[in-house]
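Residue-level listing of the chains:
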Amino acid sequence: MQYRLDYNISSGAMKITLNTDTLSTTVKAFQSEFIDKIQNDTRKWTHVTIDLTKSKMIDAAGIKLVLSLMNVIQTKNIRPEIMVKNAYVLKILNISLINNKAKLVLVE
């Protein structure tokens, strides 16, 4: 599976894990299904993490996916955290100003 949603109901946390590079060749296959699942989820979240640690590359389609996720999450008044392991992906997210809408965390 190219993505996974993990919920911790007791803490109100949701973790969105993308198990692939965030490129046009990979995200198109699951983007609409993925966004719909999150948009239609009725749970009360207090914290959302987008895990991009398995992404070594990101392109315009990947940025669009992340922005779409953030727009859905922000309708629930939550500022997401994005975990990144690759310095290139972090640089692209900063250039695209995603850091203004989410907390970017570089993990080892």
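See the structure above.
For the structure given in this document, a descriptive report is provided here. Keep in mind the model is a prediction, meaning the values are calculated, not measured.

What about the overall build of the chain?
Consideration 1: Scanning the chain for helices and strands turns up four helices and five strands.
Consideration 2: Across the chain, helices and strands are ordered from the amino to the carboxyl terminus as β-β-α-α-β-α-β-α-β.
Consideration 3: The C-alpha radius of gyration of the chain comes to 13 Å, within 12% of the 13 Å expected for a compact globule of 108 residues.
Consideration 4: Across its three principal axes, the chain shows a C-alpha extent of roughly 35 × 25 × 25 Å.
Consideration 5: When contacts within the chain are restricted to residue pairs at least 6 apart in sequence, long-range pairs at least 24 apart make up 65% of them.
Consideration 6: Accessible surface for the chain amounts to roughly 6000 Å². Of this, 52% is attributable to carbon and sulfur atoms.

Description of the nonpolar core
Consideration 1: Among the nonpolar cores identified, the biggest contains 31 residues, and Ile16, Ile82 and Leu93 are the most heavily contacted of them.
Consideration 2: Among the elements of the structure, β2 (13-18), α2 (31-39), β3 (47-51), α3 (60-74), β4 (81-84) and α4 (87-95) are those that each provide at least two residues to this core.
Consideration 3: Sorting elements by how many residues they give to this core places α3 first, with eight residues.
Consideration 4: When sequence neighbours within four positions are dropped, the list of residues in contact with leucine 93 reads Leu52, Ile58, Ile82, Val84, Ile98, Asn99 and Leu104.

Details of the pattern of salt bridges
Consideration 1: Taken as a whole and judged by the stated rule, the model has two salt bridges.
Consideration 2: Among the ionic pairs, aspartate 51 bridges to lysine 15, the shortest N-O distance being 3.5 Å. Of this pair, aspartate 51 sits in strand β3 while lysine 15 is found in strand β2, placing the two residues 36 residues apart along the sequence.
Consideration 3: Where glutamate 81 meets lysine 103, a salt bridge forms, and the shortest distance between an N and an O atom there is 3.9 Å. In this pair, glutamate 81 sits in strand β4 while lysine 103 sits in strand β5 (residues 103-106), placing the two residues 22 residues apart along the sequence.
Consideration 4: Look at lysine 103 and you get partly exposed, because its relative accessible area is 46%.

Overview of the packing of aromatic side chains
Two aromatic rings, taken as a pair, are described by how far apart their centres are and by the angle between their planes.
Consideration 1: Under the criterion given, the structure shown has zero aromatic pairs.
Consideration 2: Seen from the ring of tryptophan 45, lysine 76 lies directly overhead, with NZ or CZ sitting 4.9 Å from the centre.

A look at α4
Consideration 1: For α4, every residue scored as buried is listed here: Val89, Leu90, Ile92 and Leu93. When α4 is viewed along its axis, its buried side chains cluster within an angular range of 165° and face the same direction. For α4, exposure combined with an orientation more than 90 degrees from the buried face picks out Ala87, Lys91 and Ile95.
Consideration 2: Residues of α4 that are buried in the fold lie against α3, β4 and β5.
Consideration 3: In this structure asparagine 86 caps α4, since a side-chain oxygen of it lies 2.8 Å from the backbone nitrogen of tyrosine 88.

Thresholds, definitions, all that
- Residues numbered from 1 in each chain as written.
- Predicted model: local features only at pLDDT ≥ 70, side-chain atom pairs only at ≥ 80, totals over all residues.
- Heavy atoms only, no water.
- Helix = DSSP H or I, 4+ residues; strand = E, 2+ residues; numbered from the N terminus.
- Rg over C-alpha atoms; globule rule 2.2 N^0.38 Å.
- Contact = heavy atoms within 4.5 Å.
- Areas by Shrake-Rupley, 256 points an atom, 1.4 Å probe, with all protein chains shown as cover.
- Core = buried A, V, L, I, M, F, W, Y, C linked by side-chain atoms within 4.5 Å.
- Buried < 20%, exposed > 50% of the residue type's maximum accessible area, 1.4 Å probe, protein only.
- Salt bridge = Lys/Arg side-chain N within 4 Å of Asp/Glu carboxyl O.
- Phe/Tyr/Trp six-rings, centres within 6.5 Å; stacked < 30°, edge-to-face > 60°.
- Lys NZ or Arg CZ within 6 Å of the ring centre and 35° of its normal.
- Arc of directions from axis to C-beta.
- Polar contact = N/O pair within 3.5 Å; in protein donor to acceptor, adjacent residues only side chain to side chain.

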